[in-house]
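# A closer look at the structure
Residues per chain are reported as follows:
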Amino acid sequence: MQFMIIERFRNQDAKAVYHRFAEQGRLMPDGLTFVDSWVSADLGRCFQVMACDDVTLLQRWVAEWSDLVDFEIVPVCPGKETAAALSTST
């Protein structure tokens, strides 16, 4: 399953987040996969797509960053798959 992660940097402090990332990496448990990320122009938010089959792996990762980041987590699927599911007759 894939998740859109919306990270809001506490106190607009992107530098603290990137400093930890440079020193310690993503701090992801095995089984959690980073897909891609984008950062807003104002450096206030990061949008990441992550994938895993066990949501507790995602929770463990969030716990590693929760002192620097507020998280919004949205389960997502590709639009093509949604379109195909909605176009089938019942």
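Since the model is a prediction, treat every value here as computed from it, not as a measurement.

Let's shift gears to the pattern of salt bridges. Counted according to the given criterion, the structure contains 3 salt bridges. Arginine 8 is the partner of glutamate 72 in a salt bridge, and the nearest nitrogen-oxygen pair spans 3.4 Å. Of the two residues, glutamate 72 is situated in strand S4 (residues 69-76) and arginine 8 in strand S1 (residues 2-9); the sequence distance between them amounts to 64 residues. Aspartate 70 is the salt-bridge partner of arginine 10, the closest N and O atoms lying 2.8 Å from each other. With a gap of 60 residues between them, arginine 10 in the loop between S1 and helix H1 (14-24) and aspartate 70 in strand S4 connect regions that are remote in the sequence.

Taken together, the 4 strands give an open sheet; going across it, the order is S2-S3-S1-S4, and neighbouring strands pair in antiparallel fashion. Here the strands that pair on one side only, and so sit at the sheet edges, are strand S2 (33-39) and S4. Each adjacent strand pair in this sheet contributes to an overall mean axis angle of 20°, direction not counted. With 7 bridges joining them, S1 and strand S3 (residues 45-51) adopt antiparallel strand pairing. In the strand pairing of S3, phenylalanine 3 is matched with methionine 50. The sheet contacts of helix H2 (residues 55-65) involve S1, S3 and S4, and relative to S4 the element is tilted by about 160°.

We now examine the side chain of arginine 20. Residue placement: arginine 20 occurs in helix H1. Given a relative accessible area of 16%, arginine 20 falls into the buried group. Side-chain polar atoms of arginine 20 contact the backbone oxygen of glutamate 64, separated by 3.0 Å. Contact partners of arginine 20, with chain neighbours within four places excluded, come to Gly25, Leu27, Glu64, Trp65, Asp67 and Leu68.

As a further point, take the pairing of S1. Two elements, S1 and S4, share 8 bridges in a ladder whose sense is antiparallel. Bridge pairing in S4 links methionine 4 to valine 74.

On to the nonpolar core, then. The biggest cluster of nonpolar side chains holds 16 residues, and the ones touching the most others in it are Leu32, Leu58 and Trp61. Counting residues per element, the ones that place at least two in this core are S1, H1, S3 and H2. Of the residues forming this core, the biggest block, 5 residues, is contributed by H2. The residues contacting leucine 32, other than those within four sequence positions of it, are Met50, Ala51, Cys52, Leu57, Leu58 and Trp61.

Conventions and cut-offs
Residues numbered from 1 in each chain as written. Predicted model: local features only at pLDDT ≥ 70, side-chain atom pairs only at ≥ 80, totals over all residues. Heavy atoms only, no water. Salt bridge = Lys/Arg side-chain N within 4 Å of Asp/Glu carboxyl O. Helix = DSSP H or I, 4+ residues; strand = E, 2+ residues; numbered from the N terminus. Pairing = 2+ DSSP bridges. Axes fitted to C-alpha atoms, helices over the stretch in contact; angles between N-to-C directions. Contact = heavy atoms within 4.5 Å. Buried < 20%, exposed > 50% of the residue type's maximum accessible area, 1.4 Å probe, protein only. Polar contact = N/O pair within 3.5 Å; in protein donor to acceptor, adjacent residues only side chain to side chain. Core = buried A, V, L, I, M, F, W, Y, C linked by side-chain atoms within 4.5 Å.

Structural measurements only, silent on function.
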